[in-house]
Amino acid sequence: VLLAQEVTRSEAMAGIARASTTIGAAVIALPLGMLAARAGRRRALTLAWAVAAAGSAVLVLSAAAGSTALLVLGMVALGAGTAAGRSCSSARSPR
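The structure presented is a predicted model; accordingly, all values stated were derived computationally and were not measured. Sequence order sets the numbering: in each chain, residues are counted from 1 along the sequence as written. Selection of residues for local features in this predicted model requires a pLDDT of at least 70, selection of side-chain atom pairs for listing and counting requires 80 or more, and totals for whole chains, interfaces and linings are taken over all residues. For the side-chain quantities, the full set of heavy atoms in the structure was used; hydrogens and water were omitted.

Trainee: Give me the confidence of the model for the chain: which residues, what numbers.
Mentor: Summary statistics for the chain give a mean pLDDT of 86 and a share of 91% for residues scoring 70 or more. Think of pLDDT as the predictor's per-residue confidence, scored from 0 to 100. For the purposes of this entry, the term helix denotes a DSSP run of H or I that reaches at least four residues, the term strand denotes a run of E that reaches at least two, and both are numbered from the N terminus. The spread of mean pLDDT over the elements of the chain runs between helix H1 (residues 2–8), the lowest at 77, and helix H3 (residues 41–65), the highest at 93.

So this is what it looks like as C-alpha cells:
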C-alpha cells in the first residue's frame, strides 16, 4: 500500500496498482486449474509461486526505478501467489 502511493504519487493510481493483485489472481486461476488437471497440482502451484516470486522481484525494481508500469506488472504477477494460496486452502487432504 505504501509502496504503491510512493511510486505512483497518486491515490487513484495506487488503488489501481493494489487492485492489480486481484486481477492477476483472477486471470491466472482458470489456466492454473487447467494445468493442475493436466499436469498435477504440484506443478501448477510451483509455477504459480514462481510467477509470484518473479512479481516480487519486479516490485523491487519498480520501487528502485519509480515506475508505475513495473509496479502494476509486479502486482499482477503477485496475484498468481494469491491464486495458488486460495487453491491450496480449498484443496481436500486425502483420507
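Trainee: How would you explain H3 if you had to name every residue and give the values?
Mentor: In this analysis, the expected span of each helix is defined as 1.5 Å times one less than the number of residues it contains. For H3, spanning 25 residues, the distance from its first C-alpha to its last is 36 Å, which sits close to the expected 36 Å at 1.5 Å a residue. One or two residues past the end of H3 sits Gly66, with phi positive at roughly 70 degrees.

Trainee: Lay out the side chain of Ser20 with the relevant residues and their values.
Mentor: By secondary structure assignment, the location of Ser20 is in helix H2 (residues 11–39). Throughout this description, buried means an accessible area under 20% of the type-specific maximum (1.4 Å probe, protein chains only), exposed means over 50%, and partly exposed covers the range between. Among the residues examined, Ser20 registers a relative accessible area of 3% and is labelled buried. With sequence-adjacent residues up to four places away left out, Ser20 is seen in contact with Val72, Met75 and Val76. We call two residues in contact when some of their heavy atoms are within 4.5 Å.

Trainee: Please provide a residue-by-residue account of the nonpolar core, values included.
Mentor: Residues belong to a common nonpolar core when they are buried Ala, Val, Leu, Ile, Met, Phe, Trp, Tyr or Cys residues joined through side-chain atoms within 4.5 Å. Judged by nonpolar contacts, Ala25, Leu32, Leu35, Ala44, Leu45, Ala48, Ala80, Ala83 and Ala84 together constitute the single largest core of nine residues. Put simply, the parts of the chain that give this core at least two residues each are H2, H3 and helix H4 (68–90). Discounting residues that sit within four places of it in the chain, Ala84 has contacts with Leu32, Leu45, Ala48 and Trp49. Residues Ala4, Val7, Ala14 and Leu59 belong to the second largest nonpolar core, which totals seven residues.

Trainee: Can you tell me about the packing of H2 against H3, naming the residues and giving the values?
Mentor: Look at H2 against H3: their axes get within 7 Å of each other, and the N-to-C directions meet at 145 degrees. Where H2 abuts H3, its residues Leu32, Leu35, Ala36 and Ala39 lie against Arg41, Arg43, Ala44, Leu45, Leu47 and Ala48. Of the residues belonging to the contact of H2 with H3, the class tally is eight nonpolar, no polar and two charged. Throughout, an axis means a line fitted to C-alpha atoms (over the contacting stretch in the case of helices), and angles, computed between N-to-C directions, take values from 0 to 180 degrees. For this classification, Asp, Glu, Lys and Arg are treated as charged, while Ala, Val, Leu, Ile, Met, Phe, Trp, Tyr, Cys and Pro are nonpolar and the rest, including Gly, are polar.

Trainee: I'd love a proper account of H2, names of residues and values included.
Mentor: For H2, which comprises 29 residues, the first-to-last C-alpha distance of 41 Å matches the rise-based estimate of 42 Å (1.5 Å per residue) to within 8%. Of the residues making up H2, those classed as buried are Ala14, Ala17, Ser20, Thr21, Gly24, Ala25, Leu32 and Leu35. The positive-phi residue at the C-terminal boundary of H2 is Gly40, with phi of around 105 degrees.

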